[in-house]
Amino acid sequence: MTAVEGIRMPMPGGRVHPYIPNSAPGVRREMLDYLGLGDVSELYGAIPAELRLDRALRLPEAILPEHDLKAHVLGLLEDVVSTEDVASFLGGGCWRHFVPAICDEINNRREFVTAYAGEAYSDHGKHQAWFEWQSLMGELLEADFVSLPTYDWMAATSSALLMAARLTGRSEVVVPRNLNPEKLSHMSNYCRAGLGAIHTVPFDPSTGEMDLDQLREQLSESTAAVYFENPTFLGTIEGRAPEIVEAAHEVGALCLVGVDPISLGVLAPPAAYGADLVVGEVQPLGAHLQAGGATCGFIAGDDDPRFAAEYPTLLETITTTEREGSWGFGWATFERTSFTKRGLSDDFTGTTSGLWAITAAVYLALLGPQGIREVGETIMQKSHYTMACLEELPGVGVGPTAAPFKEFVVDFTGTGRTVAGINGALLESGILGGQDLSADFPELGQSALYCVTEVTPLEHIDRLIGTLAEVVP
């Protein structure tokens, strides 16, 4: 046997796979003996037979030599279209924003990037950085209490809804129809054990705002919370937000608001119109798009002991030390988390997106209030310019009409073309069109969700308009 043959995979022939740990036949046998099993398949005995695949996966032959595998992967990547390389108008939850170089520099410092789960006595810098993140986010959100991050916005929303159910002793929530379908699916799955029902409220197709009459009909003494987003998933600004909050409070429910934090340089934070809890996504604050996004959710609210006790997330606190003028940082009320309660916990939190929280803190500290405002103003100027140009194209409509922030719906129904067909034609010209909404929001016809941010060049916008003029004459 040659040296190369000696490291091959164990699948047929009992060979060792170079990239799969513990694949040597002797090691596998030892592990199975320890577990008292005769074969690996016995590990899956709890899964009903009808749910198990009764054949091998149809996979191509493994590429074992490392240099051959690298060449293969690089070849695949040559065909990948990156949003960094093309004119992109995709958004829908992860967005392309400018990332200052210092964000990457701090993000990659060894004391942060390698500190997984150290304690206060060993990771002084990490704990202080997280406290600074909470403080900066608190200023941006006008909130007294900010959690350490969850995995993403969806996770933060689901946990906040479960918090509301525990705080009110109720089991139903009301959400808008114009919610990201993926988020609604996550919410339904994650909260199934803690919520009795999730009701959806229609939105006005002409404005994109929630139908308040329908909302009031959905509310009852069983409603734990009303959740909505501002800006909405479809991009519009919910101008009747205070009325939604008031309607929720009238029936004794809490009101939860989801927000894109980069919008808060130009929009009032949810706390200003009475939100009880605020959730959102931190990816716009200094994180690059990475395989769908470097996601990082948060939960925030007032410094109310009742609410604080229900946060499932880790929290940082600050205290004085024996040395005058110095401070210590560490976990706050750690005993309420699943790390201590384990199986008795009401909700669970695991590895947080702490590295992105530190990155966001750097971004916020660098831009400051004026910088965040300027970013927001630039985004709105460019998005409104793009909308005005699109409306001049025959058969193309832009709406709902309520003022958007950085995303907006473009209706191609009048052109007689499908969004899929238009996006295919745009891609041939090196343009990533908007997210196809036709399947999830059929009431909007052949519509797409377009996104424009501060880093969208005007030449890309003009190129989009020129290409669409040819595609939908």
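What you are looking at is a predicted structure, and each value in this text was computed from that prediction instead of being measured.

## Concerning the overall build of the chain
So, step 1. Each helix and strand in the chain was counted, giving 15 helices and 15 strands.
So, step 2. Counting only C-alpha atoms and orienting by the principal axes, one finds that the chain spans roughly 70 × 65 × 50 Å.
So, step 3. Across the 473 residues that make up the chain, the buried fraction comes to 48%.

## A closer look at the packing of helix α6 (residues 124–141) against helix α13 (residues 354–391)
Helix-helix packing: each pair is described by the crossing angle between the helix axes and the interaxial distance.
So, step 1. The interhelical angle for the contact between α6 and α13, taken along N-to-C directions, is 45°, at an axis separation of 8 Å. Our classification of the angle between α6 and α13 gives oblique. Judged by the twist between their axes, the crossing of α6 over α13 is left-handed. Contacts between α6 and α13 involve Lys-126, Ala-129, Trp-130, Trp-133, Leu-136, Met-137 and Leu-140 from the first element and Gly-354, Ala-357, Ile-358, Ala-360, Ala-361, Leu-364, Ala-365 and Ile-372 from the second.

## Quick notes on the sheet that holds strand β14 (residues 435–436)
So, step 1. One open sheet holds the four strands; their spatial order is β11-β12-β15-β14, and the pairing between them is antiparallel. Looking at the sheet topology across the chains shown, the edges are occupied by β11 (397–398) and β14.
So, step 2. Pairing between β14 and strand β15 (residues 447–451): two bridges, direction antiparallel. Residue Asp-436 lies in a different strand from β15, and its bridge partner there is Ala-448.
So, step 3. Packed on one face of the sheet, α13 meets β11 and β12 (407–411) and runs near 5° to β12.

## Looking at the environment of Gly-328
So, step 1. Relative to the assigned elements, Gly-328 resides in strand β10 (residues 327–331).
So, step 2. Along the chain, Gly-328 and Arg-373 lie 45 residues apart, while their C-alpha atoms are 33 Å from each other.
So, step 3. Among residues more than four places away in sequence, those in contact with Gly-328 are Thr-317, Ile-318, Thr-319 and Thr-321.

## Some remarks on unusual backbone geometry
So, step 1. Omega for the peptide link from Asn-230 to Pro-231 comes to 5°, which places this bond in the cis form.
So, step 2. Locating Pro-231 in the fold gives a position in the loop between β5 (223–229) and α10 (241–250).
So, step 3. In the Ramachandran plot, Arg-342 falls in the positive-phi region, its phi being about 55° despite a non-glycine side chain.
So, step 4. Within the secondary structure, Arg-342 sits in the loop between α12 (338–341) and α13.
So, step 5. Judged by relative accessible area, which is 55%, Arg-342 ranks as exposed.

## Thoughts on the sheet that holds strand β8 (residues 297–301)
So, step 1. One open sheet holds the seven strands; their spatial order is β2-β8-β7-β6-β5-β3-β4, and the pairing between them is mixed. At either margin of the open sheet sits one strand with a lone partner, and together these are β2 (145–146) and β4 (197–201).
So, step 2. Summarising the sheet, strand β7 (residues 277–281) and β8 pair through five bridges and their orientation is antiparallel. Residue pairing across strands places Val-279 opposite Ile-299, the latter belonging to β8.
So, step 3. In this fold α6 packs onto β2, β6 (254–259), β7 and β8, with an angle of close to 65° to the strand it touches most, β8.
So, step 4. Taken strand by strand, α10 contacts β5 and β6, and its axis lies near 170° from that of β5.

## So, the pattern of salt bridges
So, step 1. In this structure the tally under the stated criterion is eight salt bridges.
So, step 2. With its nearest N and O atoms 3.0 Å apart, the salt bridge here joins Asp-33 to Arg-29. Of this pair, Asp-33 and Arg-29 both sit in helix α2 (residues 25–35), four residues apart, which is roughly one turn of the helix.
So, step 3. For Arg-240, the salt bridge identified is with Glu-243, shortest N-O distance 3.8 Å.
So, step 4. Relative accessible area serves as the criterion here: at 33%, Arg-240 is assigned to the partly exposed category.
So, step 5. With relative accessibility at 34%, the residue Glu-243 sits in the partly exposed group.

## Considering the nonpolar core
So, step 1. Trp-133, Met-137, Leu-141, Leu-215, Phe-228, Leu-285 and Phe-298 are the most contacted members of the largest nonpolar core, which has 57 residues in total.
So, step 2. Sorting the residues of this core by element identifies α6, α9 (212–218), β5, α10, β6, β8 and α13 as the ones contributing at least two each.
So, step 3. With twelve residues, α13 is the largest single contributor of residues to this core.
So, step 4. Discounting residues that sit within four places of it in the chain, Leu-141 has contacts with Val-259, Leu-264, Pro-269, Ala-271, Val-278, Phe-298 and Ala-300.
So, step 5. Membership of the second largest hydrophobic core comes to 31 residues, among which are Ala-160, Leu-195, Leu-254 and Leu-256.

## Considering the environment of Met-387
So, step 1. Take Met-387: it is sitting in helix α13.
So, step 2. By relative accessible area, Met-387 is classed as buried at 12%.
So, step 3. Each C-alpha atom of the pair Met-387 and Phe-98 lies 22 Å from the other, and the pair is 289 residues apart in sequence.
So, step 4. The residues contacting Met-387, other than those within four sequence positions of it, are Val-398, Pro-404 and Phe-408.

## Things to note about the environment of Glu-392
So, step 1. Topologically, Glu-392 is positioned in the loop between α13 and β11.
So, step 2. Judged by relative accessible area, which is 67%, Glu-392 ranks as exposed.
So, step 3. On a C-alpha basis, the gap between Glu-392 and Ala-469 in space is 9.6 Å, while along the polypeptide they are 77 residues apart.

## Looking at the confidence of the model for the chain
So, step 1. Chain-level pLDDT for the chain is 90 on average; 93% of the residues reach the 70-or-more range.
So, step 2. Between residues 1–13, whose pLDDT stays under 50, and residues either more than four places distant or in other chains, the model counts 18 contacts.

## Some words on the pairing of β5
So, step 1. Across the seven residues that make up β5, a large majority, seven, are buried.
So, step 2. Two elements, strand β3 (residues 172–176) and β5, share three bridges in a ladder whose sense is parallel. Within the sheet, the bridge partner assigned to Val-173 lies in β5 and is Ala-225.
So, step 3. With five bridges joining them, β5 and β6 adopt parallel strand pairing. Considered in β6, the bridge of Ala-225 is made with Leu-254.
So, step 4. Read as a crossover between parallel neighbours, the route from β5 over α10 to β6 is right-handed.

About the criteria used
Residues numbered from 1 in each chain as written. Predicted model: local features only at pLDDT ≥ 70, side-chain atom pairs only at ≥ 80, totals over all residues. Heavy atoms only, no water. Helix = DSSP H or I, 4+ residues; strand = E, 2+ residues; numbered from the N terminus. Buried < 20%, exposed > 50% of the residue type's maximum accessible area, 1.4 Å probe, protein only. Axes fitted to C-alpha atoms, helices over the stretch in contact; angles between N-to-C directions. Parallel < 35°, antiparallel > 145°, perpendicular 65-115°, else oblique. Left-handed = near helix turned anticlockwise from the far one by under 90°. Contact = heavy atoms within 4.5 Å. Pairing = 2+ DSSP bridges. Salt bridge = Lys/Arg side-chain N within 4 Å of Asp/Glu carboxyl O. Core = buried A, V, L, I, M, F, W, Y, C linked by side-chain atoms within 4.5 Å. pLDDT = per-residue confidence, 0-100. Right-handed = clockwise from strand over helix to strand, strands pointing away.

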